Amino acid sequence: MSEPESDSGPRPVQIVHVHKQEHTFELDVAALESVLLQEGVRDLDVVVVSVAGAFRKGKSFLLDFMLRYMSRQKLGPAWLGEDDEPLTGFSWRGGSDPETTGIQIWSEVFTVEKPGGKKVAVVLMDTQGAFDSQSTVKDCATIFALSTMTSSVQIYNLSQNIQEDDLQQLQLFTEYGRLAMDEIFLKPFQSLMFLVRDWSFPYEYDYGLKGGMDFLDKRLQVKEQQHEEIQNVRKHIHSCFTSVSCFLLPHPGLQVATSPMFQGQLGDIAPEFKAQLETLVPLLLKPANLMEKEINGSKVTCRGLLEYFKAYIKIYQGEDLPHPKSMLQATAEANNLAAVASAKDLYYNHMEQTCGGDKPYLAPQTLEEKHLEFVAMSLDHFQRIKKMGGAEFSQRYQEQLERELGELCAGFLKHNQSKNMFAAFRTPAVLFGVMALLYMLSGVAGFLGVALVAQLCNCGTGLVLIGLLTWAYIRYSGQYRELGGAIDSGATILLDQVSSRINSTAAHRMGVPEAPPGNKKNR
């Protein structure tokens, strides 16, 4: 078990907090500034080495050996320490429960001089393990994506092998990161190392980098006979990272895995594991091998990394990105959406046979009855289809189906109404009726000698005639549709007002009480 150093010395600093109940993330800006804006490193190009992967697979344990190397690399081969020396640094322990939450970085930024004299700042990053019992797929994807987007070397910590689901999860997580980044003209991420722990087949592929690269070449090979999905996963990984490597680590020994008293002493660790550590850690952190963080081809300083963290966390705190889903949820959604589409097609086909295309005009009441019949048929079809996710999950898709059927019905009602001859000629009929009324009023006014009224009626007749000719031109040419719509609306309002007045007068004469205005329906 390792405990952090005291507050006065170097220690892990929590920079991304995870609120597990709300499944939200919070960047501790002050904590990040306290590390990245230290005097002497803030304007240096930064190297960020991150370890990510499933929980309880020894990520923090590995990072503490990296810390030991960074603080003792001047000692040469003796950097690994004494056999009885406990391992300190990032907090780790044995057992089955997660230890690290969110994202942590080491408070000490190491200044290293590369060959050629250039100084760079080295930051070590530890991440929350994926797929624990408290984290959603979005939580895991966000942590992995954030660490990949901000690191120059991402170590993908795996146990025993590289399985297909490991590659699929990597594809999901990196795509979630790529979505959050602005337009990228180069590969969005830098170096990815598959670190396979507890490798049990050294007789096939030897421990270390060479055996790992041979094994990785076989695992990521794209073959013509592979399924398209399998090919796409491998192409995606190569398209995201500028370099991809693999290192095979042996098991550290039973004492490490089973003893609750183990504190990281080298004497309890298997010799072959220590031998491979002496190769792996310098491979990552030796000055000549350090890789500065770049975004779109430009090197990033510690100060710049702070700004990128702020920008990226805002994206993941918002709702602009789609939420990644588990395979079960994604399959259940696709299954239910397919059922919705099938039921919708059934409704559409029956309505099309009833009133679609060149079918004759159907009375609205009859069409409404047919609509209700076909809706019931469609819902019954949806409910009979076997769907994943359970009844409660499918209920939202049934409600979606009902809404979409309502929208389809509105379209069929409008199409059916367009076949009504009176409806098609309602506007010219109303305009012609107004012209005839004005013409008669003009004649009566002239007969009575009221010349002014006669002239006004004649002017009105001319204006209505112009409106009728304009409407006819719009219908013929298809131009000025807004004006045509306004003429149609005016004619409809006028017809409704006249009809309402006639109905009101008739009801009054027959002694029938007039319906309140709120209950009147427009024709």
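So, here is what we can say about the structure in this document. Here the structure is a predicted model, which is why all the values come from computation and not from measurement.

**Concerning the overall build of the protein**
Move 1: Scanning the protein from terminus to terminus reveals 16 helices and eleven strands.
Move 2: Across the 523 residues in the protein, those meeting the buried criterion constitute 42%.
Move 3: Across the protein, every contact between residues at least 6 apart in sequence was considered, and the portion connecting residues at least 24 apart equals 76%.
Move 4: In the form shown here, the protein has an accessible surface area of approximately 28000 Å², with 55% of it arising from carbon and sulfur atoms.

**Regarding helix H1 (residues 29-36)**
Move 1: Those residues of H1 not exposed but buried are Ala-31, Leu-32, Val-35 and Leu-36. All buried residues of H1 project into a common sector of 120° when viewed along the axis, lining one side.
Move 2: At its buried positions, H1 is contacted by strand E1 (12-19), strand E2 (24-27), strand E4 (103-106), strand E6 (119-127) and helix H9 (302-317).

**Concerning the pattern of salt bridges**
Pairing between side chains of opposite charge can happen when their charged atoms approach one another.
Move 1: Scanning the entire structure with this criterion turns up 14 salt bridges.
Move 2: Linking Lys-114 and Glu-292 is a salt bridge whose minimum nitrogen-to-oxygen distance equals 3.1 Å. Of this pair, Lys-114 sits in the loop between strand E5 (110-113) and E6 while Glu-292 sits in the loop between helix H8 (271-285) and strand E10 (294-295); the two residues are 178 residues apart in sequence, bridging distant segments of the chain. The same class applies to Lys-114 as to Glu-292, namely buried.
Move 3: With a shortest N-O distance of 2.7 Å, Arg-384 and Asp-380 are connected by a salt bridge.

**Comments concerning the packing of helix H3 (residues 137-150) against H9**
Move 1: Where H3 meets H9, the axes come as close as 11 Å, and the angle between the chain directions of the two elements is 155°. It follows from the interaxial angle that H3 and H9 lie roughly antiparallel. The way H3 lies across H9 gives a crossing that is right-handed. Residues Lys-138, Thr-142, Ala-145, Leu-146, Met-149 and Thr-150 of H3 form the contact with H9, whose own contacting residues are Leu-305, Phe-309, Tyr-312, Ile-313 and Tyr-316.
Move 2: Counted by class, the contact of H3 with H9 contains eight nonpolar, two polar and one charged residues.

**Details of unusual backbone geometry**
Move 1: One non-glycine residue with positive phi stands out, namely Gln-160, at about 75°.
Move 2: Looking at the secondary structure, you find Gln-160 in the loop between strand E7 (153-159) and helix H4 (164-180).
Move 3: Since its relative accessible area comes to 44%, Gln-160 is described here as partly exposed.
Move 4: Of note, the phi angle at Asp-198 is positive, near 55°, even though the residue is not glycine.
Move 5: Tracing the backbone through its elements, the reader meets Asp-198 in the loop between strand E8 (189-197) and helix H5 (209-219).
Move 6: With relative accessibility at 18%, the residue Asp-198 sits in the buried group.

**Overview of the environment of Glu-292**
Move 1: Residue Glu-292 is classed as buried on the basis of its relative accessible area of 8%.
Move 2: Taking the C-alpha atoms as reference points, Glu-292 and Ser-152, 140 residues apart in sequence, are found 6.2 Å from one another.
Move 3: When sequence neighbours within four positions are dropped, the list of residues in contact with Glu-292 reads Asp-45, Val-46, Val-47, Lys-114, Lys-118, Val-120, Ser-152, Gln-190 and Lys-299.
Move 4: Among the polar contacts made by the side chain of Glu-292, one reaches the side chain of Lys-114 at a distance of 3.1 Å.

Calculation criteria
- Residues numbered from 1 in each chain as written.
- Predicted model: local features only at pLDDT ≥ 70, side-chain atom pairs only at ≥ 80, totals over all residues.
- Heavy atoms only, no water.
- Helix = DSSP H or I, 4+ residues; strand = E, 2+ residues; numbered from the N terminus.
- Buried < 20%, exposed > 50% of the residue type's maximum accessible area, 1.4 Å probe, protein only.
- Contact = heavy atoms within 4.5 Å.
- Areas by Shrake-Rupley, 256 points an atom, 1.4 Å probe, with all protein chains shown as cover.
- Arc of directions from axis to C-beta.
- Salt bridge = Lys/Arg side-chain N within 4 Å of Asp/Glu carboxyl O.
- Axes fitted to C-alpha atoms, helices over the stretch in contact; angles between N-to-C directions.
- Parallel < 35°, antiparallel > 145°, perpendicular 65-115°, else oblique.
- Left-handed = near helix turned anticlockwise from the far one by under 90°.
- Nonpolar A, V, L, I, M, F, W, Y, C, P; charged D, E, K, R; others polar.
- Polar contact = N/O pair within 3.5 Å; in protein donor to acceptor, adjacent residues only side chain to side chain.

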